[in-house]
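# Fold and geometry: a report
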Amino acid sequence: MTTFRHTWLKAVTAVSICLLAAVIVVLICLPQLLVVKDAENGRVYMVSRCPEGTEFLVEFTHSVNLSPVIDTFRAEDGKIRAVKAKFYAFGAGMPTELNPGESFAFTDDGAMEITGITTTYESLNYIVGTVFDYYLTIGGETINLRELCGRNAHVEILLIGNK
């Protein structure tokens with residue numbers, strides 16, 4: 001009887017070690033992903049590979065000054081780092097002062113651009129407009145968030161997985 005238990009215990013231990021090793025390998029090899037989900041119920045709308053250093057854009061028309069805003073972000077150290085902001089009009093909700101290390105310039109198309117931004121976020125939260133579209137551009141693909149998530153959706157954009 002003890003031989004059976006001993007053999008059974010060895011088998012269970014071996015299987016457990018193999019499963020643990022498999023989980024570790026999967027977690028180590030899992031690429032970093034950018035996830036767009038519903039901030040209220042957690043429903044995942046899309047997932048895209050987003051390795052360390054990947055830049056992505058969120059573009060929308062500002063609801064007050066009715067002009068385009070293009071925010072550039074980068075996957076950095078497992079967080080979302082703001083890189084630059086491009087906009088075409090001042091007004092409510094738009095930057096009015098620079099933080100240390102930031103620069104302001106006009107672009108060839110008449111936009112204003114702030115670079116040198118170093119603010120990091122665990123996630124980005126947007127309420128997708130009912131009148132104007134929101135766009136997410138990553139990996140050369142542009143996704144219309146209003147078509148993907150619906151009007152007035154409370155959207156959270158975050159990174160998961162390994163850097």
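These numbers come from a predicted model, not from an experiment. (Residues numbered from 1 in each chain as written. Predicted model: local features only at pLDDT ≥ 70, side-chain atom pairs only at ≥ 80, totals over all residues. Heavy atoms only, no water.)

### Quick look at the pairing of strand β4 (residues 68-76)
Put simply, the rule is: Burial status follows relative accessibility: with a 1.4 Å probe on protein chains alone, a residue under 20% of its type maximum counts as buried, one over 50% as exposed, and anything between as partly exposed. Elements are defined by DSSP. Helices are runs of H or I of four residues or more, strands are runs of E of two residues or more, and each kind is numbered from the N terminus. At least two bridges found by DSSP between two strands is the condition for calling them paired.
The element β4 is extensively covered by neighbouring structure, given that 7 of its 9 residues are classed as buried. Pairing of strand β3 (residues 55-61) with β4 involves 7 bridges; the strand directions are antiparallel. In the sheet register, T61 faces β4, and the bridge partner there is P68. What sits between the antiparallel neighbours β3 and β4 is a turn of 6 residues, in which L66 has the positive phi angle 55 degrees. Here β4 runs beside strand β5 (residues 79-87); their pairing, made up of 8 bridges, is antiparallel.

### Concerning unusual backbone geometry
We note that D77 has phi near 55 degrees; this positive angle belongs to a residue other than glycine. Under the relative-accessibility criterion, D77 is labelled exposed at 54%. Phi at N152 takes a positive value of approximately 65 degrees, unusual for a residue other than glycine. Looking at the secondary structure, you find N152 in the loop between α2 (145-149) and β12 (154-160).

### Some thoughts on the sheet that holds strand β9 (residues 123-127)
This is how the line gets drawn: To obtain each axis, a line is fitted to C-alpha atoms, and for helices this fit is confined to the stretch in contact; angles are then taken between N-to-C directions over 0 to 180 degrees.
Ordered by their spatial adjacency, 4 strands build an open sheet running β2-β1-β12-β9, and the pairing between neighbours is antiparallel. At either margin of the open sheet sits one strand with a lone partner, and together these are β2 (44-49) and β9. The sheet shows a mean angle of 15 degrees between the axes of neighbouring strands, taken without regard to direction. Direction of pairing for β9 relative to β12: antiparallel, over a ladder of 5 bridges. Of the residues in β12, the one forming a bridge with Y126 is V155.

### Re the environment of D38
To keep it simple, the criterion reads: Residue contacts follow a heavy-atom distance rule, with two residues in contact if any of their heavy atoms lie within 4.5 Å. Polar contacts here mean pairs of N or O atoms no more than 3.5 Å apart (in protein, one a potential hydrogen donor and the other a potential acceptor; neighbouring residues in sequence count only if both atoms are side-chain atoms).
By the element assignment, D38 lies in strand β1 (residues 33-38). Residue classification places D38 among the buried positions, given a relative accessible area of 8%. Linking D38 and C149, residues 111 residues apart in sequence, is a C-alpha distance of 7.8 Å. D38 has contacts with R43, Y45 and H154, leaving out every residue within four places of it along the chain. Of note is the side chain of D38, whose polar atom sits 3.0 Å from the side chain of Y45.

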